[in-house]
Every structure is written in structure tokens, then in C-alpha cells.
Amino acid sequence: FMLALALFALSAPEPNSGHCHMIANHTTACCAHIENTHFPKFNDHVCLNATAFISPDHSLANSSIGLSLTWNYKEVAEKIYSLAKVGKACTTLPIPGVPGLQACAEFNDLALNTTKLHACADIEIDIVHKHLLTAKLGCFDIPTSKPPA
């Protein structure tokens, strides 16, 4: 069977930067407060929620991650990716009056071993393929083994 691990929402204090931290066994939180003072103006809260499904052999090729992006606490996208191919995942944001606004979650420094899944995540916001901002959500380590009973 696969071990499921989850990432849930938390707020970060500084604009366009985030924070990840463990909130329970196998659970990490990554969110950011994002601001743009030019068109399109926004002052919002974004979270990348992720659930990792780790295969018994602990390989990236056989493990996956379910991503859910929330914008102001509302889910705007959800999809499952192979950990071997996750890299950058994008979705169009349903913001009224702002067509072409897109958010991309990008993972780097991804590593999986028998004790933890390590990754760093950023959120990029673009409009009609023009980069607006990048919010660094932070890095996390999620244990991949069950805690002692």
C-alpha cells in the first residue's frame, strides 16, 4: 500500500514569501500572502496543499503527489502528478475581470529516501504569459516512515 502524507493551509506574514512547517505527524503546511500593486491588483492568500503517496520502494518514479491550490481559502485547482515529473504545475485562476491570470506551483530540490520527502516550492503568478511575481513558499521535509508506536 502507499503511505499518504498531507500539506494544509497556514498564513505567512510577509508579502510574496511563505512558510512551511510540520503541524502534525506527516503533515506540513505551506502558504503565502501575495500582493501586486499594479494591474491586476491583489492582496491575497495562496496555499499549496499537497498529499504525497509514497510507494513501498520509496522511488520518485512510483510515487505521486496530489496538489490542491487555494486562493483566498477557496480551492481553484486540484490534480495528481508523478513525483518524477511534477516540476511545474499551472492553472488558470478564476479571478473576475482578470482573464489570463495563471498560477504555477514549481518544485525544486525534490528528494525522496526511506526517511523523508524533501522539496521546496514556489508559486509564480503570470498574466497572459507575462511574469508578475514569484512567492517563495519555502522548503519542507515530510517523514516517510510511520512514527514508533
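Reading the values: the criteria
- Residues numbered from 1 in each chain as written.
- Predicted model: local features only at pLDDT ≥ 70, side-chain atom pairs only at ≥ 80, totals over all residues.
- Heavy atoms only, no water.
- Buried < 20%, exposed > 50% of the residue type's maximum accessible area, 1.4 Å probe, protein only.
- Helix = DSSP H or I, 4+ residues; strand = E, 2+ residues; numbered from the N terminus.
- Pairing = 2+ DSSP bridges.
- Core = buried A, V, L, I, M, F, W, Y, C linked by side-chain atoms within 4.5 Å.
- Contact = heavy atoms within 4.5 Å.
- pLDDT = per-residue confidence, 0-100.
- Phe/Tyr/Trp six-rings, centres within 6.5 Å; stacked < 30°, edge-to-face > 60°.
- Disulfide = S-S within 2.5 Å.
- Salt bridge = Lys/Arg side-chain N within 4 Å of Asp/Glu carboxyl O.

Novice: In this structure, what is going on with the pairing of strand S5 (residues 64-71)? I would like to understand it.
Specialist: Here is the key point about a regular strand: its side chains alternate between the two faces of the sheet. Of all eight residues in S5, eight are buried; the element is thus mostly enclosed. One ladder, built from eight bridges, connects strand S4 (residues 42-54) with S5; its direction is antiparallel. Among the inter-strand pairings, Cys47 is bridged to a residue of S5, identified as Thr70. Sheet topology places S5 next to strand S6 (residues 74-82); eight bridges connect them, and they run antiparallel. Among the inter-strand pairings, Leu69 is bridged to a residue of S6, identified as Ala77. Hairpin remark: S5 followed by S6, antiparallel, with two residues in the connecting loop; positive phi at Asn72, about 50 degrees.

Novice: Is there a simple way to explain the nonpolar core in this structure?
Specialist: Most often, soluble globular proteins have nonpolar side chains that are buried together. Judged by nonpolar contacts, the single largest core of 37 residues is most densely connected at Ile34, Leu67, Phe107 and Ile125. Listed by contribution, the elements that provide at least two residues to this core are strand S3 (27-36), S4, S5, S6, strand S8 (101-112), strand S9 (116-127) and strand S10 (130-143). Contact partners of Leu67, with chain neighbours within four places excluded, come to Leu48, Asn49, Ala50, Ala77, Glu78, Lys79, Tyr81, Val86, Ala89 and Phe107.

Novice: For this particular structure, what's the right way to read the confidence of the model for the protein?
Specialist: When pLDDT is low, close inspection of the predicted coordinates is not appropriate. Put simply, the protein has an average pLDDT of 79, and 83% of its residues get 70 or more. Element-level pLDDT for the protein is lowest in strand S1 (residues 3-8), with a mean of 32, against a maximum mean of 90 in S9. Every residue in residues 1-13 is under pLDDT 50, and counting partners more than four places away or in other chains gives 63 contacts.

Novice: What's the story with the packing of aromatic side chains in this structure? I'm lost.
Specialist: Tallying each qualifying case throughout the model produces one aromatic pair. Arranged with centres 5.6 Å apart and planes meeting at 70 degrees, the rings of Phe42 and Trp71 form a pair that is edge-to-face. Taken together, the positions of Phe42 in strand S4 and Trp71 in strand S5 put the pair 29 residues apart, joining distant regions of the chain.

Novice: Would you explain the environment of His19 in this entry?
Specialist: Looking at the secondary structure, you find His19 in strand S2 (residues 17-24). The spatial distance from the C-alpha of His19 to the C-alpha of Leu137 is 5.5 Å, given a sequence separation of 118 residues.

Novice: Explanation requested: the state of the cysteines in the structure shown.
Specialist: Here a disulfide denotes a covalent bond joining the sulfur atom of one cysteine to the sulfur atom of another. According to the stated counting rule, one finds four disulfides in the structure shown. A disulfide bridge connects Cys31 with Cys47, and the sulfur atoms are separated by 1.9 Å. Residues Cys31 and Cys47 share a disulfide whose torsion about the S-S bond is about 110 degrees; that sign makes it right-handed. Remark: Cys47 occurs in strand S4 and Cys31 occurs in strand S3; sequence separation between them is 16 residues. Each member of the pair, Cys31 as well as Cys47, carries the same accessibility label: buried. Paired by a disulfide, Cys90 and Cys104 hold their sulfur atoms 2.0 Å apart. Taking the sign of the torsion about the S-S bond as the criterion, the disulfide between Cys90 and Cys104, at about 110 degrees, is right-handed. Taken together, the residues span a long stretch of sequence, with Cys90 in strand S7 (residues 88-92) and Cys104 in strand S8 at a distance of 14 residues. On the basis of relative accessibility, which here comes to 38%, the residue Cys90 falls in the partly exposed class.

Novice: Explain the pattern of salt bridges to me, please; I cannot follow it from the model alone.
Specialist: Any two side chains of opposite charge can pair, on the condition that their charged atoms come close. Counted under the stated rule, the structure contains three salt bridges. Among the salt bridges present, the one from Lys116 reaches Asp141, with a minimum N-O distance of 3.9 Å. With Lys116 in strand S9 and Asp141 in strand S10, this pair connects stretches of sequence that are 25 residues apart. The class for Asp141 is partly exposed, based on a relative accessible area of 34%. Between Asp122 and Lys136 there is a salt bridge; the shortest N-O distance is 3.4 Å. Of the two residues, Asp122 sits in strand S9 while Lys136 sits in strand S10, which places them 14 residues apart along the sequence.

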